[in-house]
Amino acid sequence: MTASESPTLLLRRVRPYGEGAPVDVLIRDGHIAAIGPDAGADISSDVEIQDLDGAVLLPGFVDLHTHLREPGREDTETISTGSAAAALGGYTAVFAMANTQPAQDNQTVTDSVWRIGREVGLCDVHPVGAVTLGLKGEQLTEMGQMADGAAKVRIFSDDGMCVYDPLIMRRALEYSAGLGVLIAQHAEEPRLTRGAVAHEGPNAARLGLTGWPRSAEESIVARDAILARDAGARVHICHASTTGTVELLKWAKGQDISITAEVTPHHLLLDDSRLETYDGVYRVNPPLREAHDTLALREALVSGVIDCVATDHAPHAAQEKCCEFAAARPGMLGLETALPIVAALLVETGDMTWRDLARVMSTRPAEIAGLTDQGRPIEVGEPANLAVVDPDSPWTVIGDELASLSANTPYEGMTFAARVVGTVYRGRMTSRDGKVLA
Ligand code: DOR
Ligand code: ZN
């Protein structure tokens, strides 16, 4: 259904940004038509009415970092199931990482992912293009072709792998500046992480797990900040995970280098004490760090040193996770649990307002990606891409009940207070009370 065919929708009793008394929001032709106590006063009968009981209304979330696994691993996630998870999580746009099989390293694949995303129609699916062919780090892809295709690819990343060769990264940044696109780096110096499965520190040493030092991330962050400076390019750091990375971002931003960064909900919430049980569900790249890292990351997100939250939603099959820790695939589900975690850590503690949360989960990621119809203010005339959050609707995470085809959530059995109770995408409800609306 296109925006012009979408029905008129009345959101009754919502609180934009959680501020002030509840109002009604009228949505027509994919846009916000009226906001106020009487917004729905003289509407005709063919209006869909959703009574939302004072819930918080936010701009729909934008995820710069999602793994949808199609093409190639449709047994673990598809564009359809991943879009459903996104809709349930309050997301109206996701960026699908390039490490599919085959990789999203040419226009045929990126355009195909974009087209399937459009057909599914539950959120905007923007394919991320690979920086190098096959994510091998050796030869640049035709970024220009992917940028000019139907998908209009605007973010390029070899995520899962680091663009480790400084000369290749330098050229990628130079080309990206000319094309007006963004390189997103998975910062991991591979020479420092060979065989590594856990954060290098006292816990990994005691558990006998090979360590992934902070320096493997920080050395690439520092290098890429300097390369971006000299190329006059922008660079985005995926899943920042260490206190040192926060310090480097502070330094680079202080030098007016065009650098942005994201942090995942799992790096904000969990630390490497979880590895005690050797449960493969806690294996992730970069690894869960130490408690002081989680605190530094939270502070950096509040202060703006880290720009936004991104899920790194990484579905894996049961047999790839329920095995010896070192053999488990790295990655965790994230789309359906991001809002409750960020709300618990930062809004319920008083460190952030709902407006601040909208900045880190919607406005900033949309700006970083250059989207013009997402992350917009809740105002008359703006596109109706919205998330509805009930701050007090406790729910317990059960992996098997998530919309994702995989169940590898590290939050199994945890209860969170806030929950997404509705998502509006292009003027149409795509989820309501934990159900996807087709
Ligand atoms: O844990 C991770 N999983 N980190 C990555 O960078 C890639 C991702 C995946 O594709 O599973
Ligand atoms: Zn990554």
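Residues numbered from 1 in each chain as written. Chains lettered and ligands numbered in written order. Predicted model: local features only at pLDDT ≥ 70, side-chain atom pairs only at ≥ 80, totals over all residues. Heavy atoms only, no water.

## Focus: the coordination of the zinc ion (ligand 2)
For clarity, the threshold we go by: Metal coordination here is assigned from N, O and S atoms located within 2.8 Å of the ion, or within 3.2 Å for Na, K and Ca; omission of water means that sites may look incomplete. Square planar and octahedral sites, with four and six donors, are those where opposite donors lie more than 155 degrees apart and all other angles lie between 65 and 115, tetrahedral sites have four donors with every angle between 85 and 135 degrees, and the rest are irregular. The secondary structure listing takes helices from DSSP runs of H or I that are at least 4 residues long and strands from runs of E that are at least 2 residues long, numbered from the N terminus. With a 1.4 Å probe rolled over the protein chains alone, any residue whose accessible area is under 20% of its type maximum counts as buried; one over 50% counts as exposed, and the rest are partly exposed.
Taken together, the protein ligands of the zinc ion (ligand 2) are D159 (OD), H186 (ND1) and H239 (NE2), with distances of 1.9 to 2.3 Å. Every donor counted, the four donor atoms about the zinc ion (ligand 2) form angles of 85 to 128° at the centre, which fits tetrahedral coordination. All donors of the zinc ion (ligand 2) belong to a single chain; written as a sequence motif, their spacing is D-x26-H-x52-H. In this pair, D159 sits in the loop between β8 (155–156) and α4 (166–179) while H186 sits in the loop between β9 (182–185) and β10 (198–199), placing the two residues 27 residues apart along the sequence. In terms of burial, D159 and H186 fall into one category: buried.

## Considerations on the side chain of D272
This is how it is decided: Only four residue types enter the tally: Lys and Arg on the positive side, Asp and Glu on the negative side, with His and both chain ends excluded. The term salt bridge refers to a side-chain nitrogen of Lys or Arg lying within 4 Å of a carboxyl oxygen of Asp or Glu. In the analysis that follows, any N or O atom pair within 3.5 Å is treated as a polar contact, provided that within protein one partner can donate a hydrogen and the other can accept it, and provided that, for residues neighboring in sequence, both atoms belong to side chains. In this analysis, two residues are considered to be in contact whenever any of their non-hydrogen atoms come within 4.5 Å of each other.
Within the secondary structure, D272 sits in the loop between α8 (265–269) and α9 (291–303). Despite its burial, D272 pairs with no opposite charge, the nearest such side chain being R214 at 7.5 Å. One polar contact links D272 to N203, side chain to side chain, over a distance of 2.9 Å. In this view, D272 contacts H199, N203, L288, R289 and E290; residues no more than four positions away in its chain are not counted.

## Some details on the packing of aromatic side chains
The cut-off we apply is this: Pairing of aromatic rings covers Phe, Tyr and the six-membered ring of Trp, with a centre-to-centre limit of 6.5 Å; geometry is then stacked below 30 degrees between planes, edge-to-face above 60, and tilted otherwise.
The tally for this structure, following the rule as stated, stands at two aromatic pairs. With centroids separated by 5.6 Å and ring planes inclined at 75°, the aromatic side chains of F61 and Y91 adopt a geometry described as edge-to-face. In this pair, F61 is assigned in strand β5 (residues 61–66) and Y91 in strand β6 (residues 91–96), connecting sequence segments 30 residues apart. Classification of F61 as buried rests on a relative accessible area of 0%. On the numbers, 6.3 Å between centres and 80° between planes, the contact of Y411 with F416 is edge-to-face.

## A closer look at the pattern of salt bridges
Inspection of every chain in the model, using the stated rule, returns 20 salt bridges. The residue R206 makes a salt bridge to E276 at a minimum N-O spacing of 3.1 Å. With R206 in helix α5 (residues 202–207) and E276 in the loop between α8 and α9, this residue pair connects regions lying 70 residues apart in the sequence. Overall, R206 belongs to the exposed group, its relative accessible area being 52%. A salt bridge links E217 to R289; the shortest N-O distance between them is 3.9 Å.

## What to know about the nonpolar core
The nonpolar side chains of a soluble globular protein tend to be buried with one another. We count it as follows: Here, nonpolar core means buried Ala, Val, Leu, Ile, Met, Phe, Trp, Tyr and Cys residues that are tied together by side-chain atoms lying within 4.5 Å of each other.
Judged by nonpolar contacts, the single largest core of 110 residues is most densely connected at L11, F61, W354 and M361. Considering every element that reaches this core, the biggest residue donor is helix α11 (residues 338–347), with eight residues. Each residue touching W354, except ones within four places of it in the same chain, is listed here: Y17, G18, V56, L58, L339, A343, V347, V389, P391 and A418. If you look at the next biggest cluster of nonpolar residues, it comprises 15 residues, including A93, M97, I155 and A366.

## With respect to the site of ligand 1
The cut-off we apply is this: Each residue is tested against the molecule or strand, and it is near if at least one of its non-hydrogen atoms lies within 4 Å. Here, Shrake-Rupley sampling with a 1.4 Å probe gives the accessible areas, and only protein chains in the shown set may cover a residue. Only protein atoms enter the calculation, which uses a 1 Å grid: trapped sets of points that fit a 1.4 Å probe without letting it out are cavities, open sets showing protein on both sides within 12 Å along at least five of seven lines are pockets, and any residue with an atom within 4 Å of a point is a lining residue. Occupancy of a cavity or pocket is assigned to a molecule whenever over half of its atoms lie within 2 Å of that pocket's grid points.
Ligand 1 sits among 14 residues. The nearest are R69, N99, H186, N285 and H316. Take R69: an N or O atom from its side chain is 2.7 Å from an oxygen atom of ligand 1. The contact in question runs from an oxygen atom of ligand 1 to an N or O atom on the side chain of H316, over 3.0 Å. Starting from 290 Å² of accessible surface for ligand 1 in isolation, the protein chains cover 95%. Here ligand 1 occupies the largest pocket.

## As for the layout of surface pockets
Rules: Grid points are joined across faces, edges and corners, and a volume is the space filled by probe spheres set on the points. Any residue outside Ala, Val, Leu, Ile, Met, Phe, Trp, Tyr, Cys, Pro, Asp, Glu, Lys and Arg is labelled polar, Gly included; the first ten of those are nonpolar and the last four are charged.
Looking at the largest pocket, its volume works out to about 710 Å³. As for the largest pocket, its lining consists of 32 residues, of which N99, G160, M161, N285 and P330 are closest to the centre. Across the lining of the largest pocket, the residue classes tally to eleven nonpolar, twelve polar and nine charged.

Honestly, that's just the spatial picture; any functional story needs more than this.
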